[in-house]
Structure formats: structure tokens, C-alpha cells
Amino acid sequence: MTVNIDGSGRVVIPKKYREEFNLKPDSTANLLPSPDGMGLVLFRLTPKCANCGSERELTVIENICLCEGCKKLFKYKLNK
Ligand SMILES: [Zn+2]
């Protein structure tokens, strides 16, 4: 699929790929050189719990993402 780069360097990700990879406005992604150095690869970033990797019921505390279970676990351990 061919895309155009505008004068400010912006590329529109075709709707087909935005839907397929669940890329929504204000999504965060990583853009990295491809392993062969011939292009760029875009990786969608999915927030995950820093402790267990869960993607559900997340809260950000001081820039650390925690799920509800880990938040309760750490709260319990801190209060011991
Ligand atoms: Zn967790």
C-alpha cells in the first residue's frame, strides 16, 4: 500500500490498518527502523501493568501502570 508524506512529514495510516491494529486518535505507538534498515515499522503500544502484565483495570500512579490486583497487593504489603 502506498501512502504520501505531507509537507510536515505526516503520514495518514490507511483506515484498513487503523481498524485492524486498533489505532485510534491519540493512540501511542513506537516507530522504529525495520531490522533490515529498509523502512520503518510501527508498533502499537498497549498499556500493561508494570508488575503482572495485565491489560485490564489499569491505574497510573507516579508514571507506573498498575492493575487493580497489583495495586491492592502493593497497598497490602506497604501497610504490613
Ligand atoms: Zn498487575
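What follows deals with the overall build of the protein chain. Looking only at helices and strands, one finds two helices and four strands in the protein chain. Start at the N end of the protein chain and walk to the C end: the helices and strands fall as α-β-β-β-β-α. The C-alpha atoms of the protein chain give 18 Å as radius of gyration, which overshoots the globular expectation for 80 residues (12 Å, by more than 25%). Considering only C-alpha atoms, the protein chain reaches an extent of 60 × 25 × 25 Å along its principal axes. The burial tally for the protein chain puts 5% of its 80 residues in the buried class. Sequence-distant contacts in the protein chain: of pairs separated by 6 or more residues, those separated by 24 or more amount to 0%.

Turning to the environment of Lys48, a few remarks are in order. Mapped onto the fold, Lys48 is located in the loop between strand E2 (40-44) and strand E3 (58-61). For Lys48, a count of 15 C-beta atoms within 10 Å gives the class partly exposed. In sequence terms Lys48 and Cys67 are 19 residues apart; their C-alpha atoms lie 7.9 Å from each other. Excluding its chain neighbours within four sequence positions, the residues that come into contact with Lys48 are Gly53, Ser54, Glu55 and Cys65.

A few words on the domain arrangement of the protein chain. Split by domain assignment, the protein chain resolves into domain 1 (1-45) and domain 2 (47-80). If you average the C-alpha positions of domain 1 and of domain 2, the two centres end up 30 Å apart.

Examined against the element boundaries, Pro14 turns out to sit in the segment before helix H1 (15-20). Separated by 58 residues in sequence, Pro14 and Lys72 place their C-alpha atoms 41 Å apart. In this structure Pro14 touches Met1 and Val3, once residues within four positions along its chain are discounted.

Of the pairings in the sheet, the one linking E3 to strand E4 (residues 64-67) comprises four bridges and is antiparallel in character. Bridging from a neighbouring strand, Leu58 pairs with Cys67 of E4. The hairpin turn running from E3 into E4, its antiparallel successor, is two residues long, and Glu62 in that turn takes a positive phi close to 50°.

For Asn22, which is not glycine, the phi dihedral falls at a positive 50°. Along the chain, the position of Asn22 falls in the loop between H1 and strand E1 (29-33). With phi around 50°, Glu57 is a residue other than glycine that occupies positive phi space. As for its position among the elements, Glu57 is in the loop between E2 and E3.

Criteria and cut-off values
Residues numbered from 1 in each chain as written. Predicted model: local features only at pLDDT ≥ 70, side-chain atom pairs only at ≥ 80, totals over all residues. Helix = DSSP H or I, 4+ residues; strand = E, 2+ residues; numbered from the N terminus. Rg over C-alpha atoms; globule rule 2.2 N^0.38 Å. Buried ≥ 20, exposed ≤ 12 C-beta atoms within 10 Å, placed from the backbone. Contact = placed C-beta atoms within 7 Å. Domains from an automatic or database assignment. Pairing = 2+ DSSP bridges.

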